[in-house]
Amino acid sequence: MDNSASQLLQIIVQELPTHAEEGAVATDKTRAALLDVFAANGVETSAAIAVIALIERLLISTCLLEPAALTQSIWRWMSYPASLLGRSLLNSLADDQQRWFVKDFWRDDTGRYEEQRQILHTLETRRCNYHVTRTAQPIRCVHVVWAFLQIEGRFLFHQREDRLRSEVANYVPLGGRLKVDDFPDDISPAQRLQWLQSPHEINFTGVNEHGLEREIEEETGLLLERHYTFTPWLVLRPLQKIEGKAANMAYTAYFIRCFCVTLNRDGLFHLMNRLCSDDTLCWLTAEDIAQGEQQGGRRVFVDALQQHFAGNQQQLIAALQTIPNSYANDWPLTKNEEVIVLPWQEDQFLRGVAGKEKAISCTLTHTEKAILLHLGWHGRGLEWTPTEGVLIGLQGWIQLQDASLLEQVHHIGVKLEKANLALLQSGDQGWVRLRISPKQIFFRDSVFSIEVDKTNLVFKTRLEATPLGQLKIFNQHFDLANHAPTLKDIRNQVKVGQDELGGSKNALEMFVQRNIMDAGLERVGLRKLLPVEKKCYRLAGVRDNFIEKPE
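Residues numbered from 1 in each chain as written. Predicted model: local features only at pLDDT ≥ 70, side-chain atom pairs only at ≥ 80, totals over all residues. Heavy atoms only, no water.

1. Concerning the packing of aromatic side chains
Both the distance between ring centres and the angle between the ring planes are used here to describe each pair of aromatic rings.
Thought 1: Taken as a whole and judged by the stated rule, the model has 15 aromatic pairs.
Thought 2: With centroids separated by 6.3 Å and ring planes inclined at 85 degrees, the aromatic side chains of Phe 148 and Phe 155 adopt a geometry described as edge-to-face. For the residue pair Phe 148 and Phe 155, the accessibility class agrees, reading buried in each case.
Thought 3: Aromatic pair Phe 448 and Phe 459: ring centres 5.4 Å apart, planes at 25 degrees, arrangement stacked. Here Phe 448 is found in strand β20 (residues 448-452), whereas its partner Phe 459 is found in strand β21 (residues 456-461), with 11 residues between them in sequence. Across the pair, Phe 459 and Phe 448 agree in class, each one buried.
Thought 4: Ring pairs connect the aromatic residues Trp 146, Phe 148, Phe 155 and Trp 233, which therefore count as one cluster. (Phe/Tyr/Trp six-rings, centres within 6.5 Å; stacked < 30°, edge-to-face > 60°. Buried < 20%, exposed > 50% of the residue type's maximum accessible area, 1.4 Å probe, protein only. Helix = DSSP H or I, 4+ residues; strand = E, 2+ residues; numbered from the N terminus.)

Below you can see the structure in the form of structure tokens.
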């Protein structure tokens, strides 16, 4: 007899047990009976045993046979529908003209990625979920390199190619999977594939580094050495997950190495220019990464990081916070004596340490002051929305694409330099910023206001719009219902302005320090809520009203 696969399978099809459409009436078929049929058709015993075992595995994996009967080497259908599925499968295998898809269904260039993905996802999900011991093995291995670029406490992430699925976590750190071209030239293509598709550490010199360099250039345009360097950070525990972009969907084992990136000045400006035009890049905080989602809907694929830290978000956040800033702070003015308090309604800047500030006059128009305050606002990292032609950069930089606005800023710089206040710094392509580090930038009191009612103190910023954009108003409420004596002093100070301070020495000052300053008002550039002028306390944001300071 012809022992072709089709002939052997046709014998099996002819000898399958039967089952009634209704009721439990059914016939059985023993393995021994199947062997006898194969022998009668001239099939060698070893071949018959192999075919029967293979078909039995198929029927068991699809749960079509009665388990109790199988323990006695008997094939018996679980039900009539089970018999139909079994016959459909085996008839398809026995008929060499049978296809389950159009002939080019699985070709890469047919555009059937979604259909392919759904089929693979269904099969792999069932394979994992219904494994008896829940230990199904991955059929796909992916070796990944990730680069963590952190500036000002935020990490740069990239949107993956599979970006049309809102339900899929599409944002990942810079980097990606290793490819065959990342290997040295003396490694054969077959060896490269073998390493890439095996669950073994890839230890060829430079492979991980070359892959990371390639991915960073593809995603950001940054060039190694010219713009940045990187160092190893962490090797994550392998992650096993049903995952894959487009139709590359399977139960996958991910092997991930993490690196830290350090930018130079050219790299910083290149990245800022890229961010202005590339909507696939975004910034995430350590908290966003730990939670796996950013407020606003961006979903983050960091399952491997979360697994590495056993789902402990605080440990993950702490680990991310150990990653050094990718760009060393390079503000020219950073010393305490270089602290600058920017005016708005006032005519003078203040410069120097708290309590010993030196007033410096510089004649600026109201618009020029607003622009300068806006640069300070951005320098402090506060929120704002740019107007058209203005782009938000890093490290206090703002790009001005409007030539007239840029010229106006340069004119402000000339005025400041004449007053011995060299505060502005310019870069290529219209980038400008204050030369002062964020912690050295403060605003005069006229930028703030305080309102008091029966139980509340409300602290606000007054400046809203400038030629550069719209500033987000800072609005902080303090419930002082349990501090009636102190609230009375504050209310009198705001509304009358001449009531003497009651209570023990410095009581109001202590109250403010303990109950209000901890709320982070300094973060918005308020140097002191209760400054002393002419030996009197004065609430910031309230002009010409004083509370006598106790001696």
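Here the narrative resumes, following the displayed structure.
2. Describing the packing of helix α1 (residues 5-14) against helix α3 (residues 45-61)
Thought 1: Two elements in contact, α1 and α3, have axes whose closest approach is 11 Å; the angle formed by their N-to-C orientations is 60 degrees. Seen from above, α1 lies across α3 with right-handed handedness. Contacts from Leu 8, Leu 9 and Ile 12 of α1 reach α3 at Val 51, Ile 52 and Ile 55.
Thought 2: Of the residues that constitute the contact of α1 with α3, the class distribution is six nonpolar, no polar and no charged. (Axes fitted to C-alpha atoms, helices over the stretch in contact; angles between N-to-C directions. Left-handed = near helix turned anticlockwise from the far one by under 90°. Contact = heavy atoms within 4.5 Å. Nonpolar A, V, L, I, M, F, W, Y, C, P; charged D, E, K, R; others polar.)

3. Some remarks on the pairing of strand β8 (residues 239-243)
Thought 1: Sheet analysis places β8 next to strand β9 (residues 250-263), joined by five bridges and oriented antiparallel. Bridge assignment links Leu 239 to a residue of β9, and that residue is Tyr 254. (Pairing = 2+ DSSP bridges.)

4. A look at the sheet that holds strand β23 (residues 469-471)
Thought 1: Pairing is antiparallel across the open sheet formed by three strands, whose spatial order is β14-β23-β22. Edge strands, defined here as strands with exactly one partner in the open sheet, are β14 (384-386) and β22 (465-466).
Thought 2: Bridge analysis of β22 against β23 gives two bridges, and the strand direction is antiparallel. If you follow Ala 465 over to β23, its bridge partner there is Gln 470.
Thought 3: Across the face of the sheet, helix α13 (residues 366-379) comes into contact with β14, β22 and β23 while running at roughly 60 degrees to β23.

5. Description of the pairing of strand β5 (residues 154-159)
Thought 1: Most of β5 is tucked away: five of the six residues are buried.
Thought 2: Sheet topology places strand β4 (residues 150-151) next to β5; two bridges connect them, and they run antiparallel. Following the sheet pairing, Ile 151 is matched in β5 by Arg 154.
Thought 3: Adjacent in sequence and paired antiparallel, β4 and β5 are bridged by two residues, among which Glu 152 carries a positive phi angle near 55 degrees.
Thought 4: The pairing of β5 with strand β10 (residues 281-285) spans five bridges and is classified as antiparallel. Each residue of the ladder has a partner; that of Leu 156, found in β10, is Trp 283.
Thought 5: Both β5 and strand β6 (residues 171-177) contribute to a ladder of three bridges, which runs antiparallel. For Phe 157, the partnering residue across the bridge sits in β6 and is Pro 173.

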